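Observations on the three-dimensional arrangement
Next come the chains, spelled out residue by residue.
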Amino acid sequence: MIAFEHVGKRYGGRFEALADINFRVERGEMLFLTGHSGAGKSSLLRLIMRLERPSRGRVLVAGHDLDRLHLSQVPYYRRQIGVVFQDHQLLFDRDIFANVALPLTIQGIEPHEAARRVRAALDKVGLLHRERALPIELSTGEQQRVGIARAVVNKPALLLADEPTGNLDPQLSADIMRLFEDFNRIGTTVLIASHDLALIARLRHRVLKLREGRLVRDGEAA
Ligand SMILES: Nc1ncnc2c1ncn2[C@@H]1O[C@H](COP(=O)(O)OP(=O)(O)OP(=O)(O)O)[C@@H](O)[C@H]1O
């Protein structure tokens, strides 16, 4: 599903944020990406999303060599990827339904079909009964679940998350991780960047650890 081959990333031609990164992720895997602040986690995720391009090496995702992807193909490529952010980035002037529907609205999906998919996604995160609420009326944990529903509404083959539990207490963090495991169980490949070492250790998935831009560990959580 994902292959990094000797990938390096420099910003501004000088600073090396990632150096000689090599790993493969099979379809249907779930794994964590960890490392200190500034280790390169977000840079690595941005390369997969094709928001950045590597300075060296190759990134392959879902059969695409991202360097060969034509600019006009990038939006279609990104539809295969769901992304969850720490601060969920919801639109506060629209209700939950409209927030989750956003990716489908942008794609011009027919409203009946869009509504069906939005409700299926909200149901999976346990928030179907709140579809007419505004984000401000929900708790932080619920807001994050809306962010996850929006990320999966397209049924992406790959789900990426950047510190999805960064603002949540341990109980809510565990709930959110269980939700990711549910999506993984139905076949979605899941890659989560996280600082939460205690939680990662409990879940016993594969862990990629970065230190100063290098991959220093690839294996089961200790
Ligand atoms: N657009 C950019 N331009 C210049 N330097 C950048 C840019 N993005 C990231 N960096 C630098 O690259 C390094 C890796 O950053 P990155 O955001 O990937 O780390 P991270 O592991 O995600 O950190 P955090 O956990 O704090 O989010 C950092 O030193 C950062 O300052």
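Residues numbered from 1 in each chain as written. Predicted model: local features only at pLDDT ≥ 70, side-chain atom pairs only at ≥ 80, totals over all residues.

1. What about the overall build of the protein chain?
- A count of helices and strands for the protein chain gives seven helices and 10 strands.
- Seen through its principal axes, the protein chain has C-alpha atoms that stretch 45 × 40 × 30 Å.
- Out of the 222 residues in the protein chain, the part that is buried amounts to 37%.
- A separation threshold of at least 6 residues defines the contact pool for the protein chain, and within that pool the share at least 24 residues apart is 67%. (Helix = DSSP H or I, 4+ residues; strand = E, 2+ residues; numbered from the N terminus. Buried ≥ 20, exposed ≤ 12 C-beta atoms within 10 Å, placed from the backbone. Contact = placed C-beta atoms within 7 Å.)

2. Details of the packing of helix α5 (residues 140–152) against helix α6 (residues 170–185)
- For the pair α5 and α6, interaxial distance at closest approach is 10 Å and the crossing angle is 15°. In terms of orientation, α5 and α6 fall into the roughly parallel class. Note that α5 runs across α6; the crossing there is right-handed. Across from G141, Q144, R145, I148 and V152 in α5, the residues of α6 making contact are L172, D175, I176, L179 and F183. (Axes fitted to C-alpha atoms, helices over the stretch in contact; angles between N-to-C directions. Parallel < 35°, antiparallel > 145°, perpendicular 65-115°, else oblique. Left-handed = near helix turned anticlockwise from the far one by under 90°.)

3. Some thoughts on the sheet that holds strand β8 (residues 189–193)
- Here we have six strands laid out as an open sheet, ordered β6-β7-β8-β3-β9-β10, and mixed in their pairing. The outermost strands of the open sheet, each flanked by one partner alone, are β6 (81–85) and β10 (214–220). Strand-to-strand twist of the sheet, defined as the mean angle between neighbouring strand axes without regard to direction, takes the value 15°.
- Where strand β3 (residues 30–35) lies against β8, four bridges are found, and the strand directions are parallel. Each residue of the ladder has a partner; that of L33, found in β8, is A193.
- Of the strands in this sheet, β3, β6, β7 (158–162), β8 and β9 (206–211) are in contact with helix α1 (residues 41–49), which crosses β7 at around 150°. (Pairing = 2+ DSSP bridges.)

4. What about the nonpolar core?
- Among the nonpolar cores identified, the biggest contains 56 residues, and V100, A149, L160 and F180 are the most heavily contacted of them.
- What F180 contacts, discounting residues up to four positions off in sequence, is M30, A161, V190 and I192. (Core = buried A, V, L, I, M, F, W, Y, C linked by C-beta atoms within 7 Å.)

5. With respect to the site of the ligand
- Taken together, the neighbourhood of the ligand is formed by Y11, G12, F15, A17, G35, S37, G38, A39, G40, K41, S42 and S43.
- Its residues placed into classes, the shell around the ligand shows four nonpolar, seven polar and one charged. (Near = placed C-beta within 6 Å. Nonpolar A, V, L, I, M, F, W, Y, C, P; charged D, E, K, R; others polar.)

6. So, the environment of D182
- As for its position among the elements, D182 is in helix α6.
- A sequence separation of 57 residues divides D182 from V125, and the C-alpha atoms of the two residues are 9.7 Å apart.

7. With respect to the pairing of strand β1 (residues 2–11)
- Relative to strand β2 (residues 15–25), β1 runs antiparallel, the two being bridged by seven bridges. If you follow V7 over to β2, its bridge partner there is I21.
- As judged from the five bridges shared by β1 and strand β4 (residues 56–61), these two strands associate in the antiparallel manner. Counterpart to A3 in the pairing with β4 is L60.

Remember that the coordinates give geometry; whether it matters functionally is a separate question.
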